[in-house]
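Below, each chain spelled out in residue letters.
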Amino acid sequence: MQKISFIKTKKASLTQFLELLLSLIQSGFTVSSALDVLCGEESTAFYAERILKKIERSENFCIALCSVSKKFRSYETIISSAEVTGDITPALQNMVEELKDEEETKKNFIVMSIYPAFMILFALVLSVLLIVYAVPFIKEIADVKEASLIKGIIWANIWLSVSTALMIFLMNVLSKRYDFQYEIFRTLYYLCLNKIGLEEAVLVLMKKNKFKEKDMKVLSKFLAGLRSGKSFNEICRESKRFDVYTTALLSVAQNSGDSGTAFRKIFENYGKKKKTLREGVQRIIEPSLIAVTGVYILILIISCVVPVFMSLGTKII
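Predicted, not measured: the structure shown is a model, and the values here were computed from it.

Each value, and the rule that gives it
- Residues numbered from 1 in each chain as written.
- Predicted model: local features only at pLDDT ≥ 70, side-chain atom pairs only at ≥ 80, totals over all residues.
- Heavy atoms only, no water.
- Helix = DSSP H or I, 4+ residues; strand = E, 2+ residues; numbered from the N terminus.
- Rg over C-alpha atoms; globule rule 2.2 N^0.38 Å.
- Buried < 20%, exposed > 50% of the residue type's maximum accessible area, 1.4 Å probe, protein only.
- Contact = heavy atoms within 4.5 Å.
- Areas by Shrake-Rupley, 256 points an atom, 1.4 Å probe, with all protein chains shown as cover.
- Lys, Arg positive; Asp, Glu negative; His and termini not counted.
- Charge placed at Lys NZ, Arg CZ, Asp CG, Glu CD.
- Expected span 1.5 Å × (residues − 1).
- Arc of directions from axis to C-beta.
- 1 Å grid on protein atoms, 1.4 Å probe; cavity = no way out; pocket = protein on both sides within 12 Å on 5 of 7 lines; lining within 4 Å.
- Points joined across faces, edges and corners; volume = space filled by probe spheres on them.
- Nonpolar A, V, L, I, M, F, W, Y, C, P; charged D, E, K, R; others polar.

1. Section: the overall build of the chain
Part 1: Scanning the chain for helices and strands turns up 13 helices and zero strands.
Part 2: Taking 20 Å as the expected radius of gyration for a compact globule of 317 residues, we find that the chain reaches 28 Å, considerably beyond that expectation.
Part 3: C-alpha extents for the chain along the principal axes are approximately 90 × 50 × 25 Å.
Part 4: Burial status across the chain gives 42% buried among its 317 residues.
Part 5: In the chain, once contacts between residues fewer than 6 apart in sequence are set aside, the share between residues at least 24 apart is 67%.
Part 6: Approximately 17,800 Å² of the chain is accessible, and the part contributed by carbon and sulfur atoms is 61%.
Part 7: Across the chain, 42 positive and 32 negative side-chain charges occur, with their mean positions spaced 4 Å apart.

In structure tokens, the structure reads:
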């Protein structure tokens, strides 16, 4: 067997390992031979050896893969369904894309949190400096109560912390608006490649247990509708969770019989919407923080500066 070389790293991530395994299988390697190759690489040996040992003990690939990480356990039903059909490539491709999406979501959340975290840190440092140095100085030159100054500084910090936390929460919620639709149709597409029927595919989605309660209710309605003989297009339209483009493509697929192409186009469309929404959310972070900081400074001025001028003005008069 020809040795395939990879760029050496200390230890590959789960996503990198899975992507390498998928690329080898797509190149014509069997699962066992692909794992053999990955065992020979320092960066992937940790995962590959554990899976290979379990396979050698006559355990199936699904159980062996899920034993590597808790992250993989939510995909157990998808992998086991794919194993029955004899082609695990679509299931692995789905896993790779989902794991990449999770990493991208975490990265975006960190990026969105950097500016607010910096502003809160700056506000805390400024508040300490004001209380330690500015408040005693103001007491000397003006007839202002120390308690009222400190109270104003505290209120300014409460405003900044609460408004910033609320802003991050709202932006995080907005950036995940199309996650449910995207994940459903992407998973349906890869299950469709494995020739798995819609009813069984919906059951697989429900067993993943990755969705919120309201999303699980939608999946339950999908299942009930399919069992009652309704078309998938009709069920999606009744749920009111999907756009016109989705229902139009499903209608075409219902007539043509090509569900796979429709599912692919739908999840790609929601993928573009996710990207556009995420970029829009990131663009409004800076102006939102400027507005929040402006109010923070205004509260400080009203609480600390205005009383000083009023006191000095009274003394002059």
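2. Quick notes on helix α3 (residues 45-56)
Part 1: With 12 residues, α3 ought to run about 16 Å at 1.5 Å a step, and its terminal C-alpha atoms sit 16 Å apart, in line with that.
Part 2: Among the residues making up α3, those that are buried are Ala45, Tyr47, Ala48, Ile51 and Leu52. Buried residues in α3, looked at end-on, bunch into an arc of 160°, giving them a common side.
Part 3: Among the residues trailing α3, Ser58 stands out with phi positive, at a value near 75°.

3. Some details on helix α10 (residues 213-227)
Part 1: Helix length check: α10 (15 residues) gives 21 Å between terminal C-alpha atoms against 21 Å at 1.5 Å per residue, within 8%.
Part 2: Taken residue by residue, α10 has Asp215, Met216, Val218, Leu219, Phe222, Leu223, Gly225 and Leu226 as its buried positions.
Part 3: Positioned one or two residues after α10, Gly229 has a phi angle of 95°, which is positive.

4. Here's the deal with the environment of Arg264
Part 1: Relative to the helices and strands, Arg264 is located in helix α13 (residues 259-316).
Part 2: In this structure the C-alpha to C-alpha distance between Arg264 and Cys192, which are 72 residues apart in sequence, comes to 10.0 Å.

5. Thoughts on the environment of Val218
Part 1: Its place among the elements puts Val218 in helix α10.
Part 2: Once the C-alpha coordinates of Val218 and Ile235 are considered, the two residues, 17 residues apart in sequence, prove to be 9.5 Å apart.
Part 3: Excluding anything up to four places from it in sequence, Val218 contacts Phe180, Ser239 and Arg241.

6. Regarding empty space enclosed by the protein
Part 1: By the definition in use, this model includes one cavity of 30 Å³ or more.
Part 2: Looking at the largest cavity, its volume works out to about 80 Å³.
Part 3: If you trace the largest cavity, you find it lined by Thr105, Asn108, Phe109, Met112, Asn172, Ser175, Lys176, Asp179, Lys274 and Arg278.
Part 4: Secondary-structure elements contributing two or more residues to the lining of the largest cavity are α6 (89-141), α7 (146-175) and α13.
Part 5: It is α6 that contributes the most residues to the lining of the largest cavity, four residues altogether.
Part 6: Grouping the constituent residues of the lining of the largest cavity by class yields two nonpolar, four polar and four charged.

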